[in-house]
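Close look at the chain arrangement
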Number of protein chains: 2
Amino acid sequence: MNFSSRKIEQAVEEISRLPGIGKKTALRLALYLLRRPSLQTEALSAALMDLRNNTTFCKECHTISDTETCSICLSPKREKSILCVVEDVRDVMAIENTGGYNGVYHVLGGLISPMDGVGPSDLTIVSLIDKLQTGEISELVFALNTTMEGDTTNFYLYRKIKDFNIKLTTIARGIAVGDELEFADEVTLGRSIQHRIPYEQSLSQ
Amino acid sequence: MNFSSRKIEQAVEEISRLPGIGKKTALRLALYLLRRPSLQTEALSAALMDLRNNTTFCKECHTISDTETCSICLSPKREKSILCVVEDVRDVMAIENTGGYNGVYHVLGGLISPMDGVGPSDLTIVSLIDKLQTGEISELVFALNTTMEGDTTNFYLYRKIKDFNIKLTTIARGIAVGDELEFADEVTLGRSIQHRIPYEQSLSQ
């Protein structure tokens, strides 16, 4: 592209390094900021720098946190003996949004994926095993995606963990609430039928 | 959304104020920056601030520029008597990318649009008329979009300008190079036929 301003060119270059944002979108965003009060650009820049420099990972569960231990791990209302294993912080947010989980989390920071060069040592698996060895955990809930990487990681963890005296569970898979049976894929519908639950149980939710 | 970190929440809020970026995309971008070296966030923030604080509008053509007069207006190779009227700086870039225009520009900064509360006084029309009154302009090329707003602005300018002794032209509309006739819309194909050009002329491009 032919820019009349070197500064626009630099801004477009930096913005377009973000994932999913090309040069045209970057230019649109840059021109938008130019039309807005400079206060907005200042707030954006400051928020990004603050995020990058002043956040850390919770030393308990490894989620992103402003403090050494995150608010979930610190909360006295949380059931510390139930541990939900998730891939990243977005999954923590998704589960928190449901309001239906009262335990704590363990963020792996990724999934085992030899294709992408991610092995068990790149994840927070050692820290997970350490937690289990304290004997304070009674239930471990697997909440990883059902991709090949997710299944691999589940199985790897299962083999490491199965000799501990801990209840292992996994989140229920089935047809989404409101979805129609005829349009569901076979694997999902198959699991829904296989893992059917007592009718009374479904009323309590 | 339920954020475990107040700083993530702030960053997501600021990023999602950009046009076309929702909360989910903003979160994805924020988490991406957290995974990258902090140098990248610094470069992005600095480029945005630099763009917002250190660019200005060229006093001749009103395009975005790092200097008081932009490089196009300053260039001695440019034909200063041909003036192309465009909506905004993106159009300048688009035309510059073709390499097929040797005149200078006049950026209106928008189009007349009563629905959006944009009137003639919000655009750089006074400055355009001033330029024409110097008598140094021999041709004015309209290159506004063929939307209702573009046509309105074209017509408004036409009425202001028609008494000056200046050649008025508009960019050619027609079927794009490489497009097939059968899929073209009727209005465009109609214009293509109506404004046909001598065959020899098409060979020179």
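Residues numbered from 1 in each chain as written. Chains lettered and ligands numbered in written order. Predicted model: local features only at pLDDT ≥ 70, side-chain atom pairs only at ≥ 80, totals over all residues. Heavy atoms only, no water.

With that out of the way, let us pick up the state of the cysteines. Tallied over the full model, the rule gives zero disulfides over all chains. Cysteine Cys-73 of chain A remains unbridged, with the sulfur of Cys-61 of chain A as its closest cysteine sulfur at 3.6 Å. With no disulfide partner, Cys-70 of chain B has as its closest neighbouring cysteine sulfur the one in Cys-61 of chain B, 3.6 Å distant. (Disulfide = S-S within 2.5 Å.)

With that settled, the discussion passes to the relation of the copies chain A and chain B. Its rotation angle being 180°, the transformation that places chain A on chain B also includes 0.0 Å of axial translation and leaves an RMSD of 0.1 Å. In the structure described here, the two chain copies are related by an operation that fits a two-fold rotation axis. Taking C-alpha positions as the reference, the residue of chain A nearest the rotation axis is Ser-45 of chain A, at 2.3 Å. A share of 100% of interface residues in chain A that are also interface residues in chain B marks the association as one of identical surfaces. (Least-squares fit on C-alpha atoms with pLDDT ≥ 70 in both. Contact = heavy atoms within 4.5 Å.)

Each partner contributes to the interface: chain A provides 52 residues, whereas chain B provides 52 residues. A combined buried area of about 5300 Å² lies between chain A and chain B, and 67% of that area is made up of carbon and sulfur atoms. The three residues of chain A that bury the most area against chain B are Ser-4, Lys-7 and Arg-52 of chain A, which together make up 13% of that side's buried surface. The tally of links between chain A and chain B comes to two salt bridges. (Buried area = accessible area lost by both parts, 1.4 Å probe. Salt bridge = Lys/Arg side-chain N within 4 Å of Asp/Glu carboxyl O.)

Estimated volume of the largest pocket: approximately 740 Å³. Lining of the largest pocket is provided by 23 residues; of these, Ala-172, Arg-173, Gly-174, His-195 and Ile-197 of chain A occupy positions nearest its centre. At the level of elements, α7 (148-161), α8 (186-194) and α9 (199-203) of chain A are the ones that each hand at least two residues to the lining of the largest pocket. If you tally residues by element for the lining of the largest pocket, the top one is α9 of chain A, at three residues. Looking at which domains feed residues into the lining of the largest pocket, each of domain 2 (78-171) and domain 3 (176-205) of chain A supplies at least three. Here the second largest pocket defines a volume of roughly 620 Å³. Lining the second largest pocket are 18 residues, and of these Ile-171, Ala-172, Arg-173, His-195 and Ile-197 of chain B lie nearest its centre. Of all the secondary structure elements, the ones that give two or more residues to the lining of the second largest pocket are α7 (148-161) and α8 (186-194) of chain B. For the lining of the second largest pocket, the element with the highest residue contribution is α8 of chain B, accounting for three residues. Partitioned by chemical class, the residues of the lining of the second largest pocket number six nonpolar, eight polar and four charged. Two domains each donate at least three residues to the lining of the second largest pocket, and these are domain 2 (79-171) and domain 3 (173-205) of chain B. (1 Å grid on protein atoms, 1.4 Å probe; cavity = no way out; pocket = protein on both sides within 12 Å on 5 of 7 lines; lining within 4 Å. Points joined across faces, edges and corners; volume = space filled by probe spheres on them. Helix = DSSP H or I, 4+ residues; strand = E, 2+ residues; numbered from the N terminus. Domains from an automatic or database assignment. Nonpolar A, V, L, I, M, F, W, Y, C, P; charged D, E, K, R; others polar.)

Our next topic: the domain arrangement of chain A. For chain A, the assigned domains read domain 1 (6-54), domain 2 (78-171) and domain 3 (176-205). Here the C-alpha centre of domain 3 of chain A lies 24 Å away from the C-alpha centre of domain 2 of chain A.

Even without being glycine, His-62 of chain A reaches a positive phi, approximately 70°. With respect to the helices, strands and loops of the structure, His-62 of chain A is situated in the loop between β1 (56-57) and β2 (64-65).

The subject of this paragraph is the sheet that holds strand β3 (residues 79-86) of chain A. All names here are of chain A. One open sheet accounts for four strands, arranged β4-β3-β5-β6; its pairing is parallel. Edge positions in the sheet fall to β4 (103-107) and β6 (167-170), since each has one partner strand and no second. The average undirected angle you get between the axes of adjacent strands in this sheet is 25°. With four bridges joining them, β3 and strand β5 (residues 139-142) adopt parallel strand pairing. Looking across to β5, one finds that Cys-84 is bridged to Val-141. Set on the sheet, helix α5 (residues 89-98) makes contact with β3 and β4; between it and β4 the angle comes to about 160°. Across the sheet, helix α6 (residues 125-133) touches β3, β4 and β5, and the angle it forms with β4 is around 145°. (Pairing = 2+ DSSP bridges. Axes fitted to C-alpha atoms, helices over the stretch in contact; angles between N-to-C directions.)

A few words now on the sheet that holds strand β3 (residues 79-86) of chain B. All names here are of chain B. With respect to topology, four strands assemble into an open sheet ordered β4-β3-β5-β6, the strand pairing being parallel. Either end of the sheet is taken by a strand with one partner, and the two such strands are β4 (103-107) and β6 (167-170). Within this sheet the neighbouring strands show an average axis-to-axis angle of 25°, counted without direction.

Nonpolar side chains in soluble globular proteins tend to be buried together. Ranked by internal contacts, the top residues of the largest apolar core, which has 44 residues, are Ile-8, Ile-15 and Ile-21 of chain A together with Ile-8, Ile-15 and Ile-21 of chain B. Breaking this core down by element, the ones donating at least two residues are α1 (6-15), α2 (23-35), α3 (38-54) and α5 of chain A together with α1 (6-15), α2 (23-35), α3 (38-54) and α5 (89-98) of chain B. In this structure Ile-21 of chain A touches Ile-15, Ser-16, Ala-26 and Leu-29 of chain A together with Ile-21 and Leu-29 of chain B, once residues within four positions along its chain are discounted. (Core = buried A, V, L, I, M, F, W, Y, C linked by side-chain atoms within 4.5 Å. Buried < 20%, exposed > 50% of the residue type's maximum accessible area, 1.4 Å probe, protein only.)

The set of residues buried in α1 of chain B consists of Lys-7, Ile-8, Ala-11, Val-12, Glu-14 and Ile-15 of chain B. Along the axis of α1 of chain B, the buried positions cluster into a sector of 165°, meaning they face one direction only. The elements touched by buried residues of α1 of chain B are α3, β2 and α5 of chain A together with α2 of chain B. Measuring from the side-chain oxygen of the N-cap residue of α1 of chain B to the backbone nitrogen of Lys-7 of chain B gives 3.2 Å; that N-cap residue is Ser-5 of chain B. (Arc of directions from axis to C-beta. Polar contact = N/O pair within 3.5 Å; in protein donor to acceptor, adjacent residues only side chain to side chain.)

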